[in-house]
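So the chains spell out like this:
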Amino acid sequence: MKAVTKTESSIQPAAKKKKGFWTTFKEQKVLYGMSLPFIVIVFIFSYLPVWGWLMAFQNYKPGKGIFEQKWVGLDHFAALFADDKFYLVLRNTLAMSFMGLIVGFTIPILFAVLLNELRGSVFKRTVQTISYLPHFVSWVVVAGIVTKMLSTDGGAVNQLLMWLGLIDQPIQFMAQGNLFWYIVTGSDIWKEMGWSAIIYLAAITGIDQEQFEAAKVDGASRIRQIWHITLPSIAPTIAILMIMSIGHLISIGFEKQFLLGNPLVVDYSQVLDLYALNYGLGMGRFSFGTAIGMFNSIVSILLLLLANGVFKKFTKQSIM
């Protein structure tokens with residue numbers, strides 16, 4: 001009798017038919033409907049303004065349509081890269097960005113880990129609340145507080161240093177350019193440390209507590225538990241936030257520098273956004289200001305892609 005062989009199709013289960021977009025849309029129409037307002041907002045405020053990049057290739061004059069302007073090609077970019085002031089501003093931007101990136105990452109992580117080790121729940125909540133309250137304070141107020149603290153006329157910092165005998169006369173902190181970067185970085189840390197630590201605290205809360213119990217049984221100290229359990233567990237969160245921060249490396253805004261700066265430290269306080277404001281909008285050179293903003297955005301995108309690729313290769317963590 002002839003043996004009956006089963007066909008390959010009868011052995012392997014039938015492949016699942018991939019659902020089309022409209023089928024998925026009908027099944028999850030509520031979720032799509034909930035996300036629609038946010039998509040519209042992102043499109044209006046993040047993608048629609050990109051249309052204005054055309055101004056960077058024109059000699060824009062208000063009152064004319066976008067296609068009625070005189071096209072000048074890359075003239076504004078050539079003027080930008082030929083300006084010595086641009087490289088000074090770029091130096092300040094990168095310096096304050098790297099200082100903020102290094103200090104602004106290590107201190108919130110350290111603070112979150114130490115705060116998690118506190119046993120008293122009331123004291124822990126109190127410290128956490130006090131630490132993130134400065135985040136909600138305007139930079140106008142923060143700049144006023146910092147300026148008053150560092151003032152030579154009754155400033156708390158100078159008074160403390162003189163009381164300790166470290167200095168003989170008050171130091172003009174706000175008039176020394178070589179101290180400006182440190183003042184901005186310190187002010188930013190004081191304002192944002194508690195707020196930045198919240199996401200790390202949330203990640204630490206999600207760690208399985210049985211790992212800590214097993215480590216205690218094995219005789220691991222609290223330092224060992226932090227090093228071998230806590231930090232590795234929140235490493236993906238650290239990597240994702242690091243990638244996003246690198247993407248904004250040269251887009252640090254101008255509020256801190258504008259409010260804390262003064263004519264005596266202008267060579268250290270001016271950053272790209274402030275440069276675009278003063279030499280672009282302030283002087284009516286709208287196309288030149290657009291070229292600065294375009295350069296800023298393109299470099300930020302390249303840094304984001306580079307950081308994402310490096311982290312994806314070495315740590316297997318990425319945002320895309």
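Residues numbered from 1 in each chain as written. Predicted model: local features only at pLDDT ≥ 70, side-chain atom pairs only at ≥ 80, totals over all residues. Heavy atoms only, no water.

Draft legend 1. A look at the pattern of salt bridges. According to the stated counting rule, one finds five salt bridges in the structure shown. Among the ionic pairs, arginine 222 bridges to glutamate 117, the shortest N-O distance being 3.1 Å. Of this pair, arginine 222 sits in helix H11 (residues 222-247) while glutamate 117 sits in the loop between helix H5 (84-116) and helix H6 (121-132), and the two are 105 residues apart along the sequence. Assessed through its relative accessible area of 16%, glutamate 117 is described here as buried. Across the pair lysine 191 and glutamate 192 runs a salt bridge, and its minimum N-O distance is 3.3 Å. Given a relative accessible area of 5%, lysine 191 falls into the buried group. (Salt bridge = Lys/Arg side-chain N within 4 Å of Asp/Glu carboxyl O. Helix = DSSP H or I, 4+ residues; strand = E, 2+ residues; numbered from the N terminus. Buried < 20%, exposed > 50% of the residue type's maximum accessible area, 1.4 Å probe, protein only.)

Draft legend 2. Molecular detail of the packing of helix H7 (residues 139-149) against helix H9 (residues 177-205). Two elements in contact, H7 and H9, have axes whose closest approach is 11 Å; the angle formed by their N-to-C orientations is 120 degrees. Taken together, the axes of H7 and H9 are oblique relative to one another. Regarding H7 and H9, the two cross each other, and that crossing is right-handed. Between H7, through Trp139, Val142 and Val146, and H9, the contact on the second element is made entirely by Ile183, Ser187, Asp188, Trp190 and Lys191. (Axes fitted to C-alpha atoms, helices over the stretch in contact; angles between N-to-C directions. Parallel < 35°, antiparallel > 145°, perpendicular 65-115°, else oblique. Left-handed = near helix turned anticlockwise from the far one by under 90°. Contact = heavy atoms within 4.5 Å.)

Draft legend 3. Up close: the layout of surface pockets. Its boundaries defined by the atoms lining it, the largest pocket holds a volume of some 880 Å³. Together, 29 residues line the largest pocket, and Gly100, Gly104, Asp188, Ser196 and Ser245 are the ones closest to its centre. Going through the elements one at a time, H5, H9, H11 and helix H12 (255-260) are the ones with two or more residues in the lining of the largest pocket. By residue number, the principal contributor to the lining of the largest pocket is H9, which donates ten residues. For the lining of the largest pocket, a count of residues per class yields 15 nonpolar, ten polar and four charged. (1 Å grid on protein atoms, 1.4 Å probe; cavity = no way out; pocket = protein on both sides within 12 Å on 5 of 7 lines; lining within 4 Å. Points joined across faces, edges and corners; volume = space filled by probe spheres on them. Nonpolar A, V, L, I, M, F, W, Y, C, P; charged D, E, K, R; others polar.)

Draft legend 4. Broad picture of the side chain of threonine 290. Looking at the secondary structure, you find threonine 290 in helix H15 (residues 286-314). Exposure remark for threonine 290: the relative accessible area of 15% places this residue in the buried category. If near-sequence neighbours (up to four positions away) are discounted, threonine 290 is found in contact with Gly52, Trp53, Met55 and Ala56.

Draft legend 5. Spatial organisation of the packing of aromatic side chains. Considering all chains together, one arrives at 14 aromatic pairs under this definition. Where tyrosine 275 meets tyrosine 279, the ring centres are 4.9 Å apart and the plane angle is 40 degrees; that geometry is what we call tilted. With tyrosine 275 and tyrosine 279 both in helix H14 (residues 272-281) and four residues apart, this pair spans about one turn of that helix. Where tyrosine 275 meets phenylalanine 288, the ring centres are 6.2 Å apart and the plane angle is 70 degrees; that geometry is what we call edge-to-face. Remark: phenylalanine 288 occurs in helix H15 and tyrosine 275 occurs in helix H14; sequence separation between them is 13 residues. Across this residue pair, the class does not change: tyrosine 275 and phenylalanine 288 are buried. Each member of the aromatic cluster is reached from another via a ring pair, and the members are Phe81, Phe86, Tyr87 and Phe295. Over the face of the ring belonging to tyrosine 268 we find arginine 91, whose NZ or CZ atom lies 5.2 Å from the ring centre. The ring of phenylalanine 288 is capped by arginine 285, whose NZ or CZ atom sits 4.0 Å from the centre of that ring. (Phe/Tyr/Trp six-rings, centres within 6.5 Å; stacked < 30°, edge-to-face > 60°. Lys NZ or Arg CZ within 6 Å of the ring centre and 35° of its normal.)

Draft legend 6. Region of interest: the UniProt feature "transmembrane region" (unreviewed entry) in the protein. As annotated in UniProt, the feature "transmembrane region" (unreviewed entry) corresponds to residues 30-54, 94-115, 231-254 and 286-311 in the numbering used here. The straight-line gap between the two end C-alpha atoms of residues 94-115 is 31 Å; of that span, 100% is helix and 0% is strand. When the span residues 286-311 is considered, its composition is 100% helix and 0% strand, and the gap between its end C-alpha atoms is 37 Å. (UniProt positions renumbered as here; feature names shortened; annotations may be inferred.)

Draft legend 7. Quick peek at the packing of H14 against H15. Contact geometry for H14 and H15: axes closest at 7 Å, N-to-C directions at 165 degrees. Classified by the angle between their axes, H14 and H15 sit roughly antiparallel to one another. Of the two possible hands of crossing, H14 and H15 adopt the one that is right-handed. Residues Leu272, Asp273, Tyr275, Ala276, Tyr279, Gly280 and Leu281 of H14 touch H15, and the partners they reach there are Phe286, Phe288, Gly289, Ile292, Phe295 and Asn296. A breakdown of the residues in the contact of H14 with H15 according to their chemical character gives nine nonpolar, three polar and one charged.

Draft legend 8. Structural view of the side chain of serine 187. The residue serine 187 is located in helix H9 in this model. Setting aside its immediate chain neighbours within four residues, serine 187 contacts Trp139, Val146 and Leu260.

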